[in-house]
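Each chain, letter by letter, is given below.
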Amino acid sequence: MSAYVIGHLQEAASHPEIADYIERITATFTPYGGRFLVHGAQHEVKEGSWPGHVVVIGFPSLAEAQAWWDSSAYQEIAPLRSRHIKGDIILVPGVPEDYDPTTTARALREALPAE
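No experiment lies behind these values; they were computed from the predicted model shown. (Residues numbered from 1 in each chain as written. Predicted model: local features only at pLDDT ≥ 70, side-chain atom pairs only at ≥ 80, totals over all residues. Heavy atoms only, no water.)

The next thing to look at is the overall build of the protein. Along its length, the protein carries four helices and four strands. Counting from the amino terminus, the protein carries its helices and strands in the arrangement β-α-β-β-α-α-β-α. Its C-alpha atoms give the protein a radius of gyration of 18 Å, clearly above 13 Å, the size a compact globule of 115 residues would have. A buried classification covers 26% of the 115 residues belonging to the protein. Across the protein, the fraction of contacts at a sequence separation of at least 24, relative to all contacts at a separation of at least 6, is 77%. If you sum the accessible surface of the protein, you get close to 8,000 Å²; carbon and sulfur atoms cover 56% of it. Charged side chains of the protein number 8 positive and 15 negative; the gap between the two group centres comes to 3 Å. (Helix = DSSP H or I, 4+ residues; strand = E, 2+ residues; numbered from the N terminus. Rg over C-alpha atoms; globule rule 2.2 N^0.38 Å. Buried < 20%, exposed > 50% of the residue type's maximum accessible area, 1.4 Å probe, protein only. Contact = heavy atoms within 4.5 Å. Areas by Shrake-Rupley, 256 points an atom, 1.4 Å probe, with all protein chains shown as cover. Lys, Arg positive; Asp, Glu negative; His and termini not counted. Charge placed at Lys NZ, Arg CZ, Asp CG, Glu CD.)

The subject of this paragraph is the layout of surface pockets. Here the largest pocket defines a volume of roughly 360 Å³. Looking at the largest pocket, it is lined by 22 residues, and the ones nearest its centre are Leu9, Tyr21, His39, Val55 and Ile85. Looking at the lining of the largest pocket, its residues break down into 16 nonpolar, five polar and one charged. (1 Å grid on protein atoms, 1.4 Å probe; cavity = no way out; pocket = protein on both sides within 12 Å on 5 of 7 lines; lining within 4 Å. Points joined across faces, edges and corners; volume = space filled by probe spheres on them. Nonpolar A, V, L, I, M, F, W, Y, C, P; charged D, E, K, R; others polar.)

At glutamate 23, helix H1 (residues 16-29) shows its maximal bend, which comes to roughly 30°. Among all positions in H1, only Glu17, Ile18, Tyr21, Ile25, Thr28 and Phe29 are buried. The secondary structure elements touched by the buried residues of H1 are strand E2 (35-38), strand E3 (53-59), helix H2 (62-70) and helix H3 (72-82). (Bend = angle between axes of the 7 residues up to and from the residue.)

Its location among the elements puts histidine 8 in strand E1 (residues 3-10). Look at histidine 8 and you get buried, because its relative accessible area is 14%. A distance of 3.4 Å separates a polar atom in the side chain of histidine 8 from a polar atom in the side chain of glutamine 10. Here proline 51 takes part through its backbone oxygen, which lies 2.6 Å from a polar atom of the side chain of histidine 8. (Polar contact = N/O pair within 3.5 Å; in protein donor to acceptor, adjacent residues only side chain to side chain.)

Before going further, it helps to examine the pairing of E1. Strand direction decides the pairing type here: E1 and E3, joined by seven bridges, are antiparallel. If you follow histidine 8 over to E3, its bridge partner there is valine 54. One ladder, built from eight bridges, connects E1 with strand E4 (residues 86-93); its direction is antiparallel. Among the inter-strand pairings, leucine 9 is bridged to a residue of E4, identified as glycine 87. (Pairing = 2+ DSSP bridges.)

In structure tokens form, the structure reads like this:
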């Protein structure tokens, strides 16, 4: 099952280390099957507010996403970003191809208190 690293990055300070990070990051996730799905794109806010930028990196599995995050190659360059860009980053598993949201809805209904 696929997995995703999602970054909501805000308040980016212009700095040469950011360019270094961007130049080097692909080489850190490629060995784990990672690839950019969203990077540097403008987004359109439909509800609420979403300041900053979105980055999404897809991986074949959550184990590979976690292995990339924990890798010495990524940890070596991570400070180049974190020193200059504030934000939140999550790792999240995708859903299987046969995912049916009505199953989730049914479980929610069954958990509701009886009227």
